[in-house]
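Listed here are the chains, written in short residue letters.
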Amino acid sequence: MKKQVLISGASFAGLTLAYWLNKFGYKVTVVEIGKGLRKGGSPIDVRGKALDVVKEMGILQKIKDHEFIHTDEVVNAKGETLTTFSINALEEYLGDIEIHRNDLVDIIFDIVPKDEVEIVFGNNIKSLIQHEDRVDVSFENGPNRSFDFLFGADGTHSIVRKLVFGPEENFKKFFGVYFAFAKADHIQTGKSGNTGIVYRELGKQAVIYHFKEGANAILMFRTPQLDWDYRNDDQHKQILKEYFGNNTNWKIPEILDTMLHSDNLYFDEACQIHMPNWTKGRVALIGDAAHAPSFFTGMGTSLALQGATLLAKELKENDDYKTAFEKYSETFKPVAESIQSRITRGLKVQLPETEEELQASFMAMTNNKPS
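Residues numbered from 1 in each chain as written. Predicted model: local features only at pLDDT ≥ 70, side-chain atom pairs only at ≥ 80, totals over all residues. Heavy atoms only, no water.

Student: Would you mind going over the side chain of Thr309 with me for this structure?
Tutor: On the secondary structure map, Thr309 appears in helix 9 (residues 300-317). At a separation of 3.0 Å, a polar atom in the side chain of Thr309 contacts the side chain of Trp20. Setting aside residues up to four positions removed in sequence, Thr309 forms contacts with Thr16, Trp20 and Val53. (Helix = DSSP H or I, 4+ residues; strand = E, 2+ residues; numbered from the N terminus. Polar contact = N/O pair within 3.5 Å; in protein donor to acceptor, adjacent residues only side chain to side chain. Contact = heavy atoms within 4.5 Å.)

Student: Explain the layout of surface pockets to me, please; I cannot follow it from the model alone.
Tutor: Rolled over the atoms, a probe sized like a water molecule indicates the empty space that remains. The space that makes up the second largest pocket amounts to roughly 220 Å³. The wall of the second largest pocket is formed by Lys49, Asp52, Val53, Glu56, Gln306, Thr309, Leu310, Lys313, Thr331, Phe332 and Val335. Those elements that place two or more of their residues in the lining of the second largest pocket are helix 2 (50-56), helix 9 and helix 10 (321-340). Across the lining of the second largest pocket, the residue classes break down as four nonpolar, three polar and four charged. (1 Å grid on protein atoms, 1.4 Å probe; cavity = no way out; pocket = protein on both sides within 12 Å on 5 of 7 lines; lining within 4 Å. Points joined across faces, edges and corners; volume = space filled by probe spheres on them. Nonpolar A, V, L, I, M, F, W, Y, C, P; charged D, E, K, R; others polar.)

Student: What am I meant to see in the nonpolar core here?
Tutor: Membership of the largest hydrophobic core comes to 78 residues, with the highest contact counts inside it found for Leu17, Leu21, Val28, Phe151, Leu311 and Leu315. Look past the residues within four positions of Leu17 in its chain and what remains in contact with it is Ile7, Phe151, Ile286, Ala308, Leu311 and Ala312. Ile187, Ala215, Trp228 and Leu256 belong to the second-largest nonpolar core, a separate cluster that totals 25 residues. (Core = buried A, V, L, I, M, F, W, Y, C linked by side-chain atoms within 4.5 Å. Buried < 20%, exposed > 50% of the residue type's maximum accessible area, 1.4 Å probe, protein only.)

Student: It is not clear to me how the pairing of strand 5 (residues 81-85) should be interpreted in this structure. Could you clarify?
Tutor: Every other side chain in a regular strand lies on the same face of the sheet, so the side chains alternate between the two faces. The pairing of strand 4 (residues 71-75) with strand 5 spans four bridges and is antiparallel. Considered in strand 5, the bridge of Val75 is made with Thr81. Turn length for the strand 4-strand 5 hairpin, with the two strands adjacent in sequence and antiparallel, is five residues, and the turn residue Gly79 shows positive phi of about 85 degrees. (Pairing = 2+ DSSP bridges.)

Student: I keep staring at the pairing of strand 2 (residues 27-32) and nothing clicks. Help me out?
Tutor: Most of strand 2 is tucked away: five of the six residues are buried. Note that strand 1 (residues 4-8) and strand 2 share five bridges and pair parallel. Pairing of Ile7 across the sheet is with Val30, part of strand 2. Running through helix 1 (residues 12-23), the crossover from strand 1 to the neighbouring parallel element strand 2 is right-handed. (Right-handed = clockwise from strand over helix to strand, strands pointing away.)

Student: Can you walk me through the pattern of salt bridges in this structure?
Tutor: A side chain with one charge may pair with a side chain of the opposite charge, provided their charged atoms come close. For the structure shown, the criterion picks out 15 salt bridges. When the shortest N-O distance is used, the salt bridge between Asp96 and Arg47 registers 3.2 Å. With Asp96 in the loop between strand 5 and strand 6 (97-99) and Arg47 in the loop between strand 3 (44-46) and helix 2, this pair connects stretches of sequence that are 49 residues apart. Between Glu168 and Lys172 there is a salt bridge, with the nearest N and O atoms lying 4.0 Å from each other. Judged by relative accessible area, which is 14%, Glu168 ranks as buried. Salt bridges here are not isolated pairs; linked through shared partners, they connect Arg161, Glu168, Lys172 and Glu269. (Salt bridge = Lys/Arg side-chain N within 4 Å of Asp/Glu carboxyl O.)

In short, shape yes, function no, at least from these values alone.
If you want it as structure tokens, here you go:
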């Protein structure tokens, strides 16, 4: 009889784990709190060993076919171009593939066989009880069920981590930044094609990415820890209004208005998850639920792909799941922690706090401009 597993979260880590575990003979169920796949956001990267993972999954060429090769511009408060560069051509990014989040999640979702893997949208885990031989799970909707294993792939604010390991505050490290994403197809910048336009001032950044289907906008800002609820969209909009409501520079008024009227606003904080253990009993965490490196390292997606693949392979190669869990943690924890250590550089470049840092970030882009 096939072992039954439940994966909480249908994003990169969860879908990748579902693909591999189904391939290795498990009966897989995926539960996702959203009504569908989460879309939107900025372009993301597939880097390093994650390229080997997607090649092994048979989707490397599909990802290359959707590569987001674009020109980036840094503008001033009046929208005048200060410098132009192509991040894809910078030496440190050669070989990496940048792709829109929507495209990558669709590509991975498409290779998960729906006739074999059960994917339940619009539901969430309510509670769970671990036993020696199983995990009993109750859901917000539907009957209780039992599984051999439970995997938390449900992001930085993981419900699985909260239920099994404790409150998020015990593991979260906040970096003094909040950010928001929204679709912004109607905002005109005078640019066309695949272009990323960046405006920076001290402690704040606004970005518009143009691509074939439309445009996405981003706002970021530095501030001490706020008292906020990540599920409260109205509160998120009020926070954005407080921090950007009086800012008339570049396209900020239009971006803010778009976000205030968005039905699909994504708002979060720049933080990392640091845990002594990623596994407990028959439960294991993967992706951001285990080791969120933060948006500013540019490695969250790649780590999710790598970690999910490694965990699945350890379960395949070890009859004892405890050994598999242990090897997964021992092998991948140093990798994740090394990536997490990169956040300081990313924050300085994207959200300078001093005039010197602002000029340094500008000069770094100018000096790295491909000839």
